[in-house]
Amino acid sequence: MAKPNITHREIVEQIRRQEYKPVYLLMGEEAYYIDRISEYIADNVLTKDEQDFNQTIIYCTRETAVADVINCARRYPMMAKYQVVIVKEAQNLLKIDELAVYAQNPMQTTILVICYKNGKVDGRKKLVPAVEKVGIVFESQKLKEGMLPQFISEYMRRKQVAIDDRASLMMAESVGSDLNRLAGELDKLVLALPTGQTRVTTDLVEKNVGISKEFNVWELRAAIVNKNIEKANKIMFYMEQNPKANPPVMTVSTLFSFFALVMQAFYSPDRSEQGLMRHLDFRQTWQLREYTTAMRNYTAMKVMQIIGKLRETDARLKGINRGNLTDADIMHELIYFILH
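Residues numbered from 1 in each chain as written. Predicted model: local features only at pLDDT ≥ 70, side-chain atom pairs only at ≥ 80, totals over all residues. Heavy atoms only, no water.

Enquirer: Would you mind showing me how to read the packing of aromatic side chains here?
Expert: The way to describe two aromatic rings as a pair is by their centre distance and the angle between their planes. The final tally for this structure, using the stated rule, is 8 aromatic pairs. Ring-pair connections join several aromatic residues into one group, and the members of that group are F258, F259, F282, Y291 and Y298. (Phe/Tyr/Trp six-rings, centres within 6.5 Å; stacked < 30°, edge-to-face > 60°.)

As structure tokens, then:
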């Protein structure tokens, strides 16, 4: 029986020890871990010479037949102990559950890797339980926003590079939770590090990711959290002059996500540091700073009103009941409402 809730690192470690399974079903909303596992299998199970004859990658379309995948998996390896068959974009297979026929009696000389992205195979169907009996079923889930700074820190640590907390937050919120894209941007920062430097700072992020260190949505958020009216208005003026770099809808979205978590924090049964960490799914204490400050400076009722105003502002920016107001007018009204 496959190990429940197995992590991608545990799978990679098993493969490193040459503990192979005949079938791997990799599925879920987050493509990053599916890609990393399938790439590791492709790069490490067979030698370069063996790969020429014994490694097959099938890119599925709506026309791909399950029978063709099964026929490929049932072949014997040539001058090697194993053959590797990697099925990419398996979510396009119209009758994917028919692969259960193969999983019920897999070839012990074949390592079949099924990559099913943007969703998961229905666990009530035959394929999932069939794979669980002989191999590994791995579900790759989207990381919550609060987990992104930890992912960034760990990713950079593996590159033997440190990253400042503020720089990590900037990367998490500017790039978002698409881990493949986030990893790509982090790789760029590593390459951009000056010779001899092993720490990514906000200055480096500003120069290489196109974020203004002083005038951006995170500095606006910090000004709002601390009720610094002068600084908030100064940042808003700058952002108005650079709307392409600071789209109002994205600013509203970022503020909404923040205040939604503040509201969630108010409902925490335990408002100690550890209690809030658990309630908000945060992994590092520094992530709490702005949230606890906001809880001191804003009441729960005011936060609820701010969330309502952010919803209204989003609708107006998209053309609903905006009248003759410009985006700048709408945003100034929003910031005034939050701060007063």
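Enquirer: Please explain the packing of helix α1 (residues 8-16) against helix α2 (residues 31-44) as it appears in this structure.
Expert: How two helices sit against one another is set out by the angle between their axes and by the gap between those axes. Running from amino to carboxyl end, α1 crosses α2 at an angle of 0 degrees, the nearest separation of the two axes being 10 Å. Of the possible angle classes, the one that applies to α1 and α2 is roughly parallel. Across the interface between the two elements, H8, I11, V12, I15 and R16 of α1 pack against Y33, I37, Y40 and I41 of α2. Residue composition of the contact of α1 with α2, grouped by class: 7 nonpolar, 1 polar and 1 charged. (Axes fitted to C-alpha atoms, helices over the stretch in contact; angles between N-to-C directions. Helix = DSSP H or I, 4+ residues; strand = E, 2+ residues; numbered from the N terminus. Parallel < 35°, antiparallel > 145°, perpendicular 65-115°, else oblique. Contact = heavy atoms within 4.5 Å. Nonpolar A, V, L, I, M, F, W, Y, C, P; charged D, E, K, R; others polar.)

Enquirer: Sorry, what's going on with the pairing of strand β3 (residues 83-88) here?
Expert: Successive side chains on a regular strand alternate, one facing one side of the sheet and the next facing the other. Within β3, 6 of the 6 residues are buried, which leaves the element mostly enclosed by the surrounding structure. Where burial is concerned, the two faces of β3 agree: the one with Q83, V85 and V87 and the one with V84, I86 and K88 are both buried. Bridging between strand β2 (residues 55-59) and β3 involves 5 bridges; their strand directions are parallel. Each residue of the ladder has a partner; that of T56, found in β3, is V85. Remark: the β2/helix α4 (residues 66-73)/β3 crossover connection has right-handed handedness. By the bridge criterion, 5 bridges tie β3 to strand β4 (residues 110-117) in an arrangement that is parallel. Bridge pairing in β4 places V84 opposite I111. (Buried < 20%, exposed > 50% of the residue type's maximum accessible area, 1.4 Å probe, protein only. Pairing = 2+ DSSP bridges. Right-handed = clockwise from strand over helix to strand, strands pointing away.)

Enquirer: When you look at unusual backbone geometry in this model, what are you seeing that I'm missing?
Expert: A negative phi holds for most residues other than glycine; trans holds for most peptide bonds. Phi angles above zero are rare outside glycine, and Q18 is one such case at about 65 degrees. With relative accessibility at 58%, the residue Q18 sits in the exposed group. For D281, which is not glycine, the phi torsion reads 60 degrees and is therefore positive.

Enquirer: Would you explain a nonpolar patch on the surface in this entry?
Expert: Residues F53, M78 and M79 make up a contiguous nonpolar surface patch of roughly 400 Å² in combined accessible area. Considering the arrangement of structural elements, one finds M78 in the loop between α4 and β3. Owing to a relative accessible area of 45%, M78 belongs among the partly exposed residues under this scheme. (Patch = residues over 30% accessible without salt bridge, like charges linked within 9 Å, V, L, I, M, F, W, Y side chains within 5 Å. Areas by Shrake-Rupley, 256 points an atom, 1.4 Å probe, with all protein chains shown as cover. Salt bridge = Lys/Arg side-chain N within 4 Å of Asp/Glu carboxyl O.)

Enquirer: Sorry, what's going on with the pairing of strand β5 (residues 136-140) here?
Expert: With respect to burial, β5 is a largely interior element, 4 of its 5 residues being buried. Pairing of strand β1 (residues 23-28) with β5, which is carried by 4 bridges, proceeds in the parallel orientation. Paired with L26 across the two strands is F138, which belongs to β5.

Enquirer: Looking at this model, I keep getting lost on helix α14 (residues 273-280). Mind explaining?
Expert: Count 3.6 residues to each turn of an α-helix, and residues three or four apart come out pointing the same way. For α14, the full list of buried residues reads G275, L276, M277 and L280. Buried residues in α14 make contact with α13 (248-266) and α15 (289-297). A positive backbone phi angle near 60 degrees is found at D281, which sits one or two residues after α14.

Enquirer: Would you mind going over the pattern of salt bridges with me for this structure?
Expert: Pairing is possible between side chains of opposite charge, provided their charged atoms come close. Per the counting criterion, the structure on display carries 23 salt bridges. For the salt bridge of K142 with E30, the shortest nitrogen-to-oxygen distance reads 3.6 Å. Of the two residues, K142 is situated in the loop between β5 and α7 (148-158) and E30 in the loop between β1 and α2; the sequence distance between them amounts to 112 residues. Given a relative accessible area of 42%, K142 falls into the partly exposed group. Between E290 and R166 there is a salt bridge, with its nearest N and O atoms 3.6 Å apart. With E290 in helix α15 and R166 in helix α8 (residues 165-175), this residue pair connects regions lying 124 residues apart in the sequence. Taking the relative accessible area as the measure of exposure, E290 reaches 15% and is therefore buried. Taken together, the shared-partner salt bridges connect R166, E219, R221, K231 and E290 into one network.

Enquirer: Is there a simple way to think about the environment of M263 in this case?
Expert: Tracing the backbone through its elements, the reader meets M263 in helix α13. A C-alpha to C-alpha distance of 6.4 Å links M263 and V303, two positions 40 residues apart in sequence. When near neighbours in sequence (up to four residues on either side) are disregarded, M263 contacts A300, V303, M304 and I307.

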